[in-house]
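Each chain, letter by letter, is given below.
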Amino acid sequence: MTRTPSIVDRIGSVSGRIPFSVEFSPPRDADAEARLWRAVRTFEGLGPAFVSMTYGAGGSTRDRTVRITGDLAEQTTLLPVAHLTAVGHSVDELRAMVGAYADRGISNILVLRGDPPGDPLGEWHKHPDGVEYAEELVRLVRDLGDFHVGVASFPEGHHRAPDLDHDTRYLVSKLRAGAEYSITQMFFDVDDYLRLRDRVARLDPEQGAKPIIPEIMPITSLRSVKRMVELSGSRLPRSLEERLDRAAGNGPEEDRAAVREIGISVATELGERLIAEGAPCLHFITLNFARATREVLTRLGLASAPAESPVASAGAR
């Protein structure tokens, strides 16, 4: 029996505005966990359709991911989505992970093939007793019970795909295997998202009707976004990079306030156009901070203006 709503049902039940969701990451230590929970409680008051918890490369945060995601399910009103990656795991280990999620009442799982530990852009090696493709992982999870499965999609094409057509076929194969929706990798050009949506619909209209949820990251640091783009294989448009470079300045430390203001404005512009183009939901990378995403949501009319004290806001992003 399914114990929680599906993501598709949840985003479809939101009326009067576009739904939004947020992505968290497993904290590395006690201080980071306290910061995560501050962000969790802030977002809980804003009513996201769901929240997702990432999974470290090669399963490096496996136990922490299960624990925190389970705590979200049991201790908050939020609907959590657990990430699950194939890299570094045998089929038996993957089954055990799904069972661990089920034991904590989690039935929404986002499956990904995953990146190699150490070098996300390095050569990918299948575990001798594991699976080769995310499509196989979709089937494995679906065969284990009444789970709702999502997958990743790539508006600019996955860096391992030879071209966009191949990448689109990979996505459609994952959807045909039983995935109910996809969440994109972060991007900064809405046209890339729209072209992905069109390619899927042309290749398979039935699968093209499934939600493709765009992911947005409000930029708060030039150095951080350059690193994230480098590791993900995505692209920072040259015009945006030049704006951020000018804002950062030439000093020993970047002008974070100036970079952040551009980042918030760009994320808001992305959100406005995605809403106009009929995106089913807006999914935000938070880096376990609430402030930047809340500002974007406020500008989009999806959240009330924050009423934080200077002390509470100190150090927040």
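Because the structure is predicted, anything quoted here is derived from the model rather than measured.

A. Here's a closer look at the nonpolar core. Within the largest apolar cluster, 80 residues are counted, with the highest numbers of intra-cluster contacts made by F24, F43, L84, V141, F188 and F284. A total of seven residues in this core trace back to one element, the largest contributor, which is helix 11 (residues 256-276). Those residues in contact with F188 that lie beyond four places of it in its chain are M217, I219, V225, V229, R235, L236, P237, L240 and L270. By size, the runner-up hydrophobic cluster in this structure holds 11 residues, among which are F50, L79, L110 and I213.

B. Focus on unusual backbone geometry. For L287, which is not a glycine, the phi torsion comes out positive at approximately 55°. With respect to the helices and strands, L287 occurs in the loop between strand 9 (282-285) and helix 12 (291-299). The exposure class assigned to L287 is partly exposed, which follows from its relative accessible area of 31%. With a phi angle near 65°, N288 is a residue other than glycine that sits in the positive phi range. With respect to the secondary-structure elements, N288 resides in the loop between strand 9 and helix 12. For N288, a relative accessible area of 4% translates into the label buried.

C. Expanded view of the environment of I7. Tracing the backbone shows I7 in helix 1 (residues 7-13). A C-alpha to C-alpha distance of 19 Å links I7 and I68, two positions 61 residues apart in sequence. Not counting residues within four places of it along the chain, the set of residues in contact with I7 comprises F50, L79, V81, N108, Y181 and I213.

D. Expanded view of the packing of helix 6 (residues 164-176) against helix 7 (residues 190-203). One way to put it is that helix 6 packs onto helix 7 with a least axis distance of 10 Å and a crossing angle of 65°. Every pair of crossing elements has a handedness; the one defined by helix 6 and helix 7 is right-handed. Taking contact as the criterion, the partners of L164, T168, R169, L171, V172, L175 and R176 in helix 6 are, on helix 7, L196, R199, V200 and L203. For the contact of helix 6 with helix 7, the residue count by class is seven nonpolar, one polar and three charged.

The rules behind each value
- Residues numbered from 1 in each chain as written.
- Predicted model: local features only at pLDDT ≥ 70, side-chain atom pairs only at ≥ 80, totals over all residues.
- Heavy atoms only, no water.
- Core = buried A, V, L, I, M, F, W, Y, C linked by side-chain atoms within 4.5 Å.
- Buried < 20%, exposed > 50% of the residue type's maximum accessible area, 1.4 Å probe, protein only.
- Helix = DSSP H or I, 4+ residues; strand = E, 2+ residues; numbered from the N terminus.
- Contact = heavy atoms within 4.5 Å.
- Axes fitted to C-alpha atoms, helices over the stretch in contact; angles between N-to-C directions.
- Left-handed = near helix turned anticlockwise from the far one by under 90°.
- Nonpolar A, V, L, I, M, F, W, Y, C, P; charged D, E, K, R; others polar.

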